[in-house]
Amino acid sequence: MRTIAEYLPEHPFFHGLEEPWVELVTGCATNLHLRPGAYLFKEGGPADAFYVIRRGRVAIEAPTPTGPCVIQTVHEGDVVGWSWLVAPYRWNFDARATEETSLVAFDGACLRGKCNDDPELGYALLQRVVRVMSASLHSARVRLLDLYGTPT
């Protein structure tokens, strides 16, 4: 497996990010491995990181009285979590590995500190996070249309 420093510059989320910034971001990153059924985060818990899935699959779930409702499933190459960027830094959903999953975890406080020190880096990361948010919202919309159809 490649190191984080080797992996990040090739990942689409980080594409076009200046090399010194990639090095700064890498300083906030660690590798993480989850077994099937393990939670990456739980609703209401501290949102202290975001994740890039290197291998595996994670279900984003909303807890309901009858059990979890899968909102989205993310796979290799996908980015998970934006709550680390928005106060009060709490997760709005659960995220659970559905198979053996390897991820790169980025410490949210570390990244916020680097973004405060270098607003240009902050803006570049914000643009990337907003793209992830937009894609997630579009995916949720499509899923809702699949479930409920369009009004006649």
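Going by the structure above, here's the rest.
Residues numbered from 1 in each chain as written. Predicted model: local features only at pLDDT ≥ 70, side-chain atom pairs only at ≥ 80, totals over all residues. Heavy atoms only, no water.

Participant: Outline the sheet that holds strand β7 (residues 94-97), supporting the account with residue identities and numerical values.
Facilitator: Strands sit in the order β2-β7-β4-β5 across an open sheet of 4 strands; the sheet is antiparallel. Two strands lie at the open edges of the sheet, namely β2 (39-41) and β5 (69-75), each paired on one side alone. Put simply, the sheet's adjacent strands are angled 30 degrees from each other on average, direction ignored. By the bridge criterion, 2 bridges tie β2 to β7 in an arrangement that is antiparallel. By the bridge assignment, Phe41 is partnered in β7 with Ala95. (Pairing = 2+ DSSP bridges. Helix = DSSP H or I, 4+ residues; strand = E, 2+ residues; numbered from the N terminus. Axes fitted to C-alpha atoms, helices over the stretch in contact; angles between N-to-C directions.)

Participant: Give me the lowdown on the packing of aromatic side chains, citing residues and values where you can.
Facilitator: Under the defined criterion, the tally for this structure stands at 7 aromatic pairs. On the numbers, 6.4 Å between centres and 25 degrees between planes, the contact of Phe41 with Tyr51 is stacked. Note that Phe41 is positioned in strand β2 and Tyr51 in strand β3 (residues 49-55), a separation of 10 residues in sequence. For the pair Phe41 and Tyr51, a shared accessibility class is recorded, and that class is buried. With a centroid separation of 3.6 Å and 10 degrees between ring planes, the pair formed by Phe41 and Trp91 is classed as stacked. Of this pair, Phe41 sits in strand β2 while Trp91 sits in the loop between β6 (79-80) and β7, placing them 50 residues apart in sequence. Residue Trp91 is classed as buried on the basis of its relative accessible area of 5%. (Phe/Tyr/Trp six-rings, centres within 6.5 Å; stacked < 30°, edge-to-face > 60°. Buried < 20%, exposed > 50% of the residue type's maximum accessible area, 1.4 Å probe, protein only.)

Participant: If you had to explain the side chain of Ser102 to someone new, which residues and values would you point to?
Facilitator: Looking at the element boundaries, Ser102 is found in strand β8 (residues 101-107). Classification of Ser102 by relative accessible area gives buried; the value is 6%. Aside from chain neighbours lying at most four places away, what touches Ser102 is Met1, Leu32, His33, Val52, Ile53, Arg54 and Arg55. (Contact = heavy atoms within 4.5 Å.)

Participant: Mind laying out a nonpolar patch on the surface, listing which residues take part and the relevant values?
Facilitator: Together, Tyr123, Leu126 and Val130 give the surface a local cluster of nonpolar side chains, amounting to about 290 Å² of exposed area. Mapping Tyr123 onto the fold places it in helix α4 (residues 119-148). (Patch = residues over 30% accessible without salt bridge, like charges linked within 9 Å, V, L, I, M, F, W, Y side chains within 5 Å. Areas by Shrake-Rupley, 256 points an atom, 1.4 Å probe, with all protein chains shown as cover. Salt bridge = Lys/Arg side-chain N within 4 Å of Asp/Glu carboxyl O.)

Participant: Could you give me a rundown of the sheet that holds β8, with the residues and numbers involved?
Facilitator: Overall, antiparallel pairing links the 4 strands, which are arranged β1-β8-β3-β6 in an open sheet. With one partner strand each, in any of the chains shown, β1 (29-34) and β6 form the two edges of the open sheet.

Participant: I'd like to hear about the state of the cysteines, residue by residue, with values.
Facilitator: Going through the model one piece at a time under the given rule, you end up with 1 disulfide. Between the sulfur atoms of Cys28 and its disulfide partner Cys110 the distance amounts to 2.0 Å. Because the sign of the S-S torsion sets the handedness, a value of about -70 degrees for the bond joining Cys28 and Cys110 places this disulfide among the left-handed ones. With Cys28 in the loop between α2 (19-26) and β1 and Cys110 in helix α3 (residues 108-117), this pair connects stretches of sequence that are 82 residues apart. Note on Cys110: relative accessible area 25%, which makes it partly exposed. The thiol sulfur of Cys115 is not disulfide-bonded, and the nearest other cysteine sulfur, from Cys28, lies at 8.4 Å. Cys115 sits in the buried class, given a relative accessible area of 15%. (Disulfide = S-S within 2.5 Å.)

In short, the description is geometric, and any link to function would need to be established separately.
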